[in-house]
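Observations on the model geometry
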Amino acid sequence: MVKDSYLVGLIGAGVGPSLSPALHEREADRQGLRYLYRLIDIDELGVAPEAVGDLLRAARDLGFDGLNITHPCKQLVIEHLDALSPQAEALGAVNTVVLDGGRAIGHNTDVTGFAASFARGLPDAPLERVVQLGAGGAGAAVAHALLTLGAGHVTVVDALADRARALAAALNRHFGAGRATAGTPDRLAGLLGGADGVVHATPTGMAAHPGMPFAAELLHPGLWVAEVVYRPLETALLRAAREAGCAVLDGGGMAVFQAADAFRLFTGRSPDAVRMLADIAELAGSGAGSESGTEAAGARS
């Protein structure tokens, strides 16, 4: 049933700088909805990530219509849900929970969010050989999106070799043998030299984690570069990539499209993503906070 009043929230650690409340509430205002988006920060509450089940039950009792879930709760919440969407089940992570009719249904809008942003921002980018930095929560969502978009092969590079191998194995199980392999940072120069593009899915470049994830000298004009960090929108990596002649995609689009998909799930109404892209440009440019573009995917996991 479509309503005109909604109560939603975000559960996670250190969520104070999140732009989700502003993104959701601005769009709701434009649609004439009463829409309250509340932050539920486990750090401020002084509870462990495992308390997500208790927080979910409390939200249900208080009449919440839905929740976004971010690091470090996106996997822990699964055992407390009644059902999962196919995408959330395949990914093993939930960033959006719809509360309806006494049931809690888990979804993952980061996969669709990155896919929509990539299709809009780099529509003609070649996808035969893609290198991805980061195999955490953000990396898992992005890798699924890349292979769903038709990437021929994704090499997952992570400082934690076991994590990269685990993600590559999961991708091969889901998409077919040979679609993904794990790599190590010491092989990055060779990997980027032969790649069509690179996706950066680690926190490096955020205001709280400044710097470059790899040397600028490894960039070359034939390489496209996609970022998941959205605060700031113009990271050091994107600046260096532009200077090297690379096509680039900032993290703002993923933040918007995952939020738009969550808004649609919560309300049953279609948000205006173009207006929300203007919102993110204004909000992320304000300099407040230091959140990753895939806050709900747990980019810091």
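As a starting point, this report considers the structure included with it.

Side note on helix α3 (residues 52–61)
For α3, the full list of buried residues reads V52, G53, L55, L56 and A59. Looking straight down α3, one finds that the buried residues subtend no more than 165° of arc, so they occupy a single side. Looking at the buried side of α3, the elements it contacts are β1 (5–12), β2 (34–41), α2 (42–45), β3 (66–69) and β5 (96–100). Two residues or fewer past α3, G63 is found with a positive phi of approximately 90°.

Notes on the sheet that holds β5
On the basis of which strands lie adjacent, the open sheet formed by 6 strands has the order β2-β1-β3-β5-β6-β4 and mixed pairing. Either end of the sheet is taken by a strand with one partner, and the two such strands are β2 and β4 (83–84). In terms of strand pairing, β4 meets strand β6 (residues 103–107) through 2 bridges, oriented parallel. Within the sheet, the bridge partner assigned to L84 lies in β6 and is G106. Set on the sheet, α3 makes contact with β1, β2, β3, β5 and β6; between it and β5 the angle comes to about 40°.

Some words on the nonpolar core
Ranked by size, the top nonpolar core spans 34 residues in total, and within it F114, F118, V130, L146, V199 and W224 carry the most contacts. Contributions of two or more residues to this core are made by α5 (109–121), α6 (137–148), β8 (153–157), α7 (161–175) and β11 (224–227). Setting aside chain neighbours within four positions, we find W224 in contact with F118, L122, A125, P126, L127, V130, L146, D196, G197, V198, V199 and A247. In this structure, A13, L55, A59 and L99 belong to the second largest nonpolar core, which totals 19 residues.

Describing the sheet that holds β8
Ordered in space as β9-β8-β7-β10-β11-β12, the 6 strands form an open sheet in which the pairing is parallel. Edge positions in the sheet fall to β9 (180–183) and β12 (248–249), since each of these pairs with one other strand and no more. Judged from the 4 bridges that link them, β8 and β9 form a sheet pairing that is parallel. From the neighbouring strand, V154 faces β9, where its bridge partner is A180. Seen against the sheet, helix α9 (residues 236–243) touches β10 (197–200), β11 and β12 and runs at an angle of roughly 165° to β11.

Remarks on the packing of aromatic side chains
For the coordinates displayed, the defined rule picks out 4 aromatic pairs. With a centroid separation of 6.1 Å and an interplanar angle of 45°, the aromatic rings of Y6 and Y35 are classed as tilted. Here Y6 is found in strand β1, whereas its partner Y35 is found in strand β2, with 29 residues between them in sequence. The exposure class of Y6 is buried, given its relative accessible area of 4%. Relative to W224, the ring of F118 lies with its centre 4.9 Å away and its plane at 70°, an arrangement referred to as edge-to-face. In this pair, F118 is assigned in helix α5 and W224 in strand β11, connecting sequence segments 106 residues apart. Assigned by exposure class, F118 and W224 land together as buried.

Some thoughts on the environment of G101
Looking at the element boundaries, G101 is found in the loop between β5 and β6. Note: C-alpha distance between G101 and D65 (36 residues apart in sequence) is 9.7 Å.

Conventions we followed
- Residues numbered from 1 in each chain as written.
- Predicted model: local features only at pLDDT ≥ 70, side-chain atom pairs only at ≥ 80, totals over all residues.
- Heavy atoms only, no water.
- Buried < 20%, exposed > 50% of the residue type's maximum accessible area, 1.4 Å probe, protein only.
- Helix = DSSP H or I, 4+ residues; strand = E, 2+ residues; numbered from the N terminus.
- Arc of directions from axis to C-beta.
- Contact = heavy atoms within 4.5 Å.
- Pairing = 2+ DSSP bridges.
- Axes fitted to C-alpha atoms, helices over the stretch in contact; angles between N-to-C directions.
- Core = buried A, V, L, I, M, F, W, Y, C linked by side-chain atoms within 4.5 Å.
- Phe/Tyr/Trp six-rings, centres within 6.5 Å; stacked < 30°, edge-to-face > 60°.

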